Amino acid sequence: MFIDEATGEQVTTGTPIALVIDNVDPRSKDYSDIKDKYRPGHADYTYDAKYGIRDYRGGGRQSARETAMRVAAGAVARKIVPGMTVRGALVQMGEHKIERKRWNWDEVERNPFFCPDAEQAKFFEAYLDDIRKRGSSVGAVIEIVAEGVPVGLGAPIYGKLDGDLAAALMGINAVKGVEIGAGFAAAALSGEENADEIRIGNDGKPVFLSNHAGGILGGISTGQPIVCRFAVKPTSSILTPRRTVDRYGAETEISTKGRHDPCVGIRAVPIGEAMVACVIADHYLRQRGQMGETPAWPFARA
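Let me begin by describing the structure that accompanies this report.

How each quantity is defined
- Residues numbered from 1 in each chain as written.
- Predicted model: local features only at pLDDT ≥ 70, side-chain atom pairs only at ≥ 80, totals over all residues.
- Heavy atoms only, no water.
- Buried < 20%, exposed > 50% of the residue type's maximum accessible area, 1.4 Å probe, protein only.
- Helix = DSSP H or I, 4+ residues; strand = E, 2+ residues; numbered from the N terminus.
- Pairing = 2+ DSSP bridges.
- Phe/Tyr/Trp six-rings, centres within 6.5 Å; stacked < 30°, edge-to-face > 60°.
- Lys NZ or Arg CZ within 6 Å of the ring centre and 35° of its normal.
- Salt bridge = Lys/Arg side-chain N within 4 Å of Asp/Glu carboxyl O.
- Polar contact = N/O pair within 3.5 Å; in protein donor to acceptor, adjacent residues only side chain to side chain.
- Contact = heavy atoms within 4.5 Å.

## Description of the pairing of strand 3 (residues 85-93)
Reasoning step 1: Counting buried positions along strand 3 gives 7 out of 9 residues, so the element sits mostly inside the fold.
Reasoning step 2: In this sheet, strand 5 (residues 140-147) lies alongside strand 3 in antiparallel orientation, the contact comprising 8 bridges. Paired with T85 across the two strands is E147, which belongs to strand 5.
Reasoning step 3: Relative to strand 4 (residues 96-97), strand 3 runs antiparallel, the two sharing 2 bridges.

In structure tokens, the structure reads:
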């Protein structure tokens, strides 16, 4: 990547773009009391069981610090698909959901929770402070919306766009569930309710009257906004004592001190945006390389 400080011109040169983020404020001593203990709900045990070694100091691959580079990569990916916009918001914290009638994208930038509901954001402030004071934690649900995605991205079987999006979002630390469009709620809909009816718009292109599919049908984008949601579990590093075992096979208790977010789902909003941007950019380049221009629609009658 070439950056001209004098003119402000920035262009890629075709070589890999290297990004480095230094962790300049580590506090490894905060973890010394738990170096041999496994946090319930955390990957401490599975890493030890698989590799025989783990980084107990709050770092390593099991730490969400790793996702900083994903956000950086997402900034590059956003520039690849012309006209695409990817935005995210926190739509639920604990058992408390936002009121969708009050959804305002501008509000996402006005509060520390990335919440599109100004009224609920005020509630979250007091709610989360209480969670923190009790030495506990809480989960969250994040919604990502990608607009301006061209029709035809994805593939019917092994390269499904929704499959790759689900894999990317599940790959974020602490994520335990992903849904596309109506998601699990589609199971409660009738065929008539779930079907996104189609008409012809003023520009001659199809217009869907709803978007239960979340912008993807048969693993291929429809041109509608792509809508994904993912659930983030409560952080496992909490002050409340929990029963556990240590790496030597002894039963014990654990309480994690130090700097820990009472809701890691808040930080997951830009991470989710980045992962969605990376996946769509990848499929955009695949489509361009494999198919070139998409067929002209509508088709001429024989």
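## Re the packing of aromatic side chains
Reasoning step 1: Using the criterion set out here, one finds 6 aromatic pairs in the structure.
Reasoning step 2: Plain terms: the ring middles of W103 and W105 are 5.1 Å apart, the flat faces sit at 75° to each other, and that makes the pair edge-to-face.
Reasoning step 3: Between the aromatic rings of F123 and F124, the centroid separation amounts to 6.1 Å while the plane-to-plane angle is 55°, which identifies the pairing as tilted.
Reasoning step 4: A connected cluster of aromatic rings, assembled from ring pairs, spans F113, F123, F124 and Y127.
Reasoning step 5: Positioned above the aromatic ring of Y248, the side-chain terminus of R247 is 6.0 Å from the ring centre.

## Structural notes on the pattern of salt bridges
Between side chains of opposite charge, pairing is possible as soon as their charged atoms come close.
Reasoning step 1: As enumerated under the stated definition, the model contains 20 salt bridges in all.
Reasoning step 2: The closest approach of N and O atoms between E143 and R100, which form a salt bridge, is 2.5 Å. Taken as a pair, E143 in strand 5 and R100 in the loop between strand 4 and helix 3 (105-108) lie far apart in primary sequence, 43 residues in all.
Reasoning step 3: Using a relative accessible area of 5% as the deciding quantity, one classes E143 as buried.
Reasoning step 4: A relative accessible area of 44% means that R100 is categorised as partly exposed.
Reasoning step 5: Two residues, D261 and R267, come together in a salt bridge whose shortest N-O distance is 2.3 Å.
Reasoning step 6: Note on D261: relative accessible area 26%, which makes it partly exposed.
Reasoning step 7: A network of salt bridges, in which partner residues are shared, links R39, D44, D48, R54 and R247.

## A closer look at the side chain of D44
Reasoning step 1: With respect to the helices and strands, D44 occurs in helix 1 (residues 44-51).
Reasoning step 2: For D44, the side chain forms a polar contact with the side chain of H42, separated by 3.0 Å.
Reasoning step 3: In contact with D44, other than residues within four places in its own chain, are K37, Y38, R39, R54 and Q62.

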